[in-house]
Amino acid sequence: MTEFVVAMLWSAFEVLLVFTGAQLVRVASLGRWRAVLWGSNEARVFGAAGALSFRHEGQRVVTANGLIFVGLLFYGVLALMVASVWGLASA
């Protein structure tokens with residue numbers, strides 16, 4: 001039962017990371033890059049194995065692994081910023 005709960009929590013966290021990464025890619029690139037379409041085999045067909053992004057029809061496409069990486073990076077930087085602000089506030 002514990003394994004099931006952990007798997008469900010990780011799945012929810014992974015979806016959060018992918019959606020956060022997709023929004024960041026869209027905003028940071030000003031629409032020049034896009035996220036891989038949800039539920040498509042686009043990354044398998046056009047991207048190399050394990051690629052974080054690939055070029056398709058002149059547009060850079062970020063794969064699901066790339067979106068997870070961007071989401072983790074965002075939340076890592078956010079945690080460092082919160083910790084530094086909290087440290088300055090308590091000093």
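Structure: see above.
Okay, so let's go over this structure. In this text, all values refer to a predicted model and were calculated from it rather than measured experimentally.

**So, the pairing of strand β3 (residues 59–62)**
Step number 1: Relative to β3, strand β1 (residues 33–35) runs parallel, the two sharing 3 bridges. Each bridged residue has a counterpart across the sheet, and for Arg34 the counterpart in β3 is Val61.
Step number 2: Examined bridge by bridge, strand β2 (residues 53–56) and β3 share 4 bridges and lie antiparallel to one another. Note that in β3 the partner of His56 across the bridge is Gln59.
Step number 3: In textbook terms, the turn of a hairpin is the stretch between consecutive antiparallel strands, and for β2 and β3 this stretch comprises 2 residues, one of which, Glu57, has a positive phi near 55°.

**Some details on the environment of Gly71**
Step number 1: Structurally, Gly71 can be placed in helix α3 (residues 64–90).
Step number 2: Residue class for Gly71 comes out buried when judged on its relative accessible area of 0%.
Step number 3: For the pair Gly71 and Leu16, spaced 55 residues apart in the sequence, the C-alpha separation amounts to 8.0 Å.
Step number 4: If sequence neighbours within four positions are ignored, Gly71 has contacts with Leu17 and Gly21.

**With respect to helix α1 (residues 2–28)**
Step number 1: The terminal C-alpha atoms of α1 lie 38 Å apart, and with 27 residues this matches the ideal 39 Å at 1.5 Å per residue to within 8%.
Step number 2: Those residues of α1 that sit buried are Leu17, Val18, Thr20, Gly21, Ala22 and Val25.
Step number 3: Those residues of α1 that are buried are in contact with β1, β3 and α3.
Step number 4: Remark: Leu30 follows α1 within two positions and exhibits a positive phi of approximately 55°.

**Overview of the side chain of His56**
Step number 1: Among the secondary structure elements, His56 is positioned in strand β2.
Step number 2: For His56, the contacting residues outside a window of four places in its chain are Arg34, Glu42, Phe46 and Val61.

**Some thoughts on the environment of Gly66**
Step number 1: Of note, Gly66 is situated in helix α3.
Step number 2: Residue classification places Gly66 among the buried positions, given a relative accessible area of 3%.
Step number 3: For the pair Gly66 and Val36, spaced 30 residues apart in the sequence, the C-alpha separation amounts to 9.5 Å.

**Some remarks on the sheet that holds β1**
Within a beta sheet, neighbouring strands are joined by backbone hydrogen bonds and run either parallel or antiparallel to one another.
Step number 1: Spatially, the 3 strands line up as an open sheet ordered β1-β3-β2, and their pairing is mixed. Where the open sheet ends on each side, the last strands, each with one partner, are β1 and β2. Going from strand to strand, the sheet's axes swing by 35° on average, the running direction of each strand aside.

Definitions and limits used
- Residues numbered from 1 in each chain as written.
- Predicted model: local features only at pLDDT ≥ 70, side-chain atom pairs only at ≥ 80, totals over all residues.
- Heavy atoms only, no water.
- Pairing = 2+ DSSP bridges.
- Helix = DSSP H or I, 4+ residues; strand = E, 2+ residues; numbered from the N terminus.
- Buried < 20%, exposed > 50% of the residue type's maximum accessible area, 1.4 Å probe, protein only.
- Contact = heavy atoms within 4.5 Å.
- Expected span 1.5 Å × (residues − 1).
- Axes fitted to C-alpha atoms, helices over the stretch in contact; angles between N-to-C directions.

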